[in-house]
Amino acid sequence: MKPTDFSVHVTTFLTHHLAAQRNLSPNTIKAYRDVFTLLLRFCRDVRGIVLERLSLAQIDASLVEAFLDHLANDRHVSISTQNHRLAALHAFFRYVQSEVPERLLQSQQILAIPLRRHARSSVGYLSKEYLAQVLAQPDLHTRAGRRDAVLLSVLYDTGARVQELIDLNAGDVRLDPPPQVRLMGKGRKMRAVPLMDATVELLRDHRRDTNLDRPEYADKPLFQNRQGARLSRSGVRYLLQKYVQPVRRDHPGFTQPVSPHSLRHTKGMHLLQSGVPLEIIRDFLGHVDVKTTEIYARANLEMKRKALEKAADGTPLPKIPSWNQDKTLLGWLHSL
């Protein structure tokens, strides 16, 4: 059977366009692939379309909207995840409209489907007190404990994404002045992040303990499991929870969710609270757009607002006249 145009373009999009032209990471490409897997199952199981005959013309705006409704109503997917799925389809049809001009209108109708609105979740970050207690949990008398102490310190100190952390090799770390670590971020973009003195000493001891300070081991994973292989994302999450639990037992009020990404948010908030400009925080964290970094500014303002409300609790406020009673201000507004 002759391949359909849809199968040809999906294959080229995943294997050539995303990997070769946009230089996206394997994990990002897998996320795009998973979207198409869900879409194909929807077409087969819900719409009754034979996949061997599924053409590009059948993937129109109404089908995409029905697919999103299916994710929401049948699979109970969150709005943010629905938007991630839609963003992947938007990327595909941006590719299609340049490759298949006769599908330009169809592509633009799909691109016009808006992301679904949802309330912004607050930034989950740790206070300095809880962060210090979590970082102090690993047992430095054991080799595994020393590795975990270095891992958590590097995760916070660099603000790295968990994938960036586990992708680190021994050769990505520079301990001579100026000490820094090279991180491979989204879009295969490399950035250099400075290290604090305490983390430098931990890394120096860690590399010495594991023989990773030798030049021939520059391509070895910086953080390894018991088998000497690279740690997994789930492995890092497990290690973090292992040291969060004792802090929760000692502090019943410490109930907020904690993940490896929480340490990244914590670093961003601490930088902002220290007076570091948003543009520098953006580059430090590897954000493409400063708008992404603004979540820390919003969270910081919300924190200050709550503190002011708490301080003013019970304090009578003077009666503020309505702005429309100010004739001078009213006249100025009318003159605009």
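Above this text is the structure in question.
Residues numbered from 1 in each chain as written. Predicted model: local features only at pLDDT ≥ 70, side-chain atom pairs only at ≥ 80, totals over all residues. Heavy atoms only, no water.

Participant: It is not clear to me how the sheet that holds strand S2 (residues 180–184) should be interpreted in this structure. Could you clarify?
Facilitator: The strands making up a sheet associate through hydrogen bonds between their backbones, and the pairing can be parallel or antiparallel. Strand order in the open sheet formed by three strands is S1-S2-S3, with antiparallel pairing between adjacent strands. The two strands at the open ends of the sheet, each matched to only one other strand, are strand S1 (173–174) and strand S3 (190–194). By the bridge criterion, two bridges tie S1 to S2 in an arrangement that is antiparallel. Counterpart to arginine 174 in the pairing with S2 is glutamine 180. (Pairing = 2+ DSSP bridges. Helix = DSSP H or I, 4+ residues; strand = E, 2+ residues; numbered from the N terminus.)

Participant: Would you mind going over the layout of surface pockets with me for this structure?
Facilitator: A probe matching the size of a water molecule, rolled over the atoms, marks out where space remains unfilled. In this model, the second largest pocket occupies a volume close to 500 Å³. Ala144, Arg147, Gln224, Asn225 and Arg226 are, among the 23 residues lining the second largest pocket, the residues nearest its centre. Only helix H7 (143–158), helix H9 (197–209) and helix H10 (233–250) provide two or more residues apiece to the lining of the second largest pocket. (1 Å grid on protein atoms, 1.4 Å probe; cavity = no way out; pocket = protein on both sides within 12 Å on 5 of 7 lines; lining within 4 Å. Points joined across faces, edges and corners; volume = space filled by probe spheres on them.)

Participant: How should the nonpolar core be read in this particular structure?
Facilitator: Residues Leu151, Leu165, Leu203 and Phe223 are the most contacted members of the largest nonpolar core, which totals 45 residues. Apart from residues no more than four positions distant in its own chain, leucine 165 is found in contact with Leu151, Val154, Leu155, Ala160, Phe223 and Val236. In terms of nonpolar packing, the next biggest core, distinct from the first, is built from 36 residues, Phe6, Phe13, Leu89 and Val96 among them. (Core = buried A, V, L, I, M, F, W, Y, C linked by side-chain atoms within 4.5 Å. Buried < 20%, exposed > 50% of the residue type's maximum accessible area, 1.4 Å probe, protein only. Contact = heavy atoms within 4.5 Å.)

Participant: What exactly am I supposed to notice about the environment of threonine 199 here?
Facilitator: Structurally, the position occupied by threonine 199 is in helix H9. Separated by 24 residues in sequence, threonine 199 and leucine 175 have C-alpha atoms that sit 9.7 Å apart. Contacts of threonine 199, omitting those with residues within four sequence positions, involve Ser153, Val154 and Asp157.

Participant: Help me understand the packing of helix H1 (residues 5–21) against helix H2 (residues 26–45), please; the structure alone is not making it clear to me.
Facilitator: Each pair of packed helices can be described by the angle between their axes along with the distance between the axes. Following both chains from N to C, one finds H1 and H2 inclined at 165°, their axes separated by 10 Å at the closest point. In terms of orientation, H1 and H2 fall into the roughly antiparallel class. For the pair H1 and H2, the crossing hand works out as right-handed. Facing H1, whose interface residues are Phe6, Val10, Phe13, Leu14, Leu18 and Ala19, H2 presents Ile29, Tyr32, Arg33, Phe36, Leu39 and Leu40. A class-by-class count of the residues in the contact of H1 with H2 yields 11 nonpolar, no polar and one charged. (Axes fitted to C-alpha atoms, helices over the stretch in contact; angles between N-to-C directions. Parallel < 35°, antiparallel > 145°, perpendicular 65-115°, else oblique. Left-handed = near helix turned anticlockwise from the far one by under 90°. Nonpolar A, V, L, I, M, F, W, Y, C, P; charged D, E, K, R; others polar.)

Participant: Would you take a moment to explain the pattern of salt bridges for this structure?
Facilitator: Applying the stated criterion across every chain yields a total of 13 salt bridges. For the salt bridge of aspartate 45 with arginine 44, the shortest nitrogen-to-oxygen distance reads 2.7 Å. Taking relative accessible area as the criterion, aspartate 45 reaches 53% and is therefore assigned exposed. The shortest N-O distance in the salt bridge between arginine 161 and glutamate 164 comes to 2.5 Å. The pair arginine 161 / glutamate 164 is uniform in exposure class, with both members buried. (Salt bridge = Lys/Arg side-chain N within 4 Å of Asp/Glu carboxyl O.)

Participant: Explain H1 here, please?
Facilitator: Residues lying three or four places apart along an α-helix face the same way, a consequence of the helix completing one turn every 3.6 residues. For H1, spanning 17 residues, the distance from its first C-alpha to its last is only 21 Å, which falls clearly below the expected 24 Å at 1.5 Å a residue. Taking the largest bend as the criterion, H1 deviates by roughly 40°, centred on phenylalanine 13. The inward-facing, buried residues of H1 contact H2 and helix H4 (79–99). Phi turns positive, to about 55°, at asparagine 23, one or two residues after H1. (Expected span 1.5 Å × (residues − 1). Bend = angle between axes of the 7 residues up to and from the residue.)

Participant: Would you take a moment to explain helix H11 (residues 260–273) for this structure?
Facilitator: With 14 residues, H11 ought to run about 20 Å at 1.5 Å a step, and its terminal C-alpha atoms sit 20 Å apart, in line with that. By the criterion of burial, H11 is predominantly enclosed, with 12 of the 14 residues buried. Three or more residues of H11 are buried, namely Pro260, Ser262, Leu263, Arg264, His265, Thr266, Lys267, Gly268, Met269, His270, Leu271 and Leu272. Once H11 ends, the next one or two residues include glycine 275, with phi positive near 90°.

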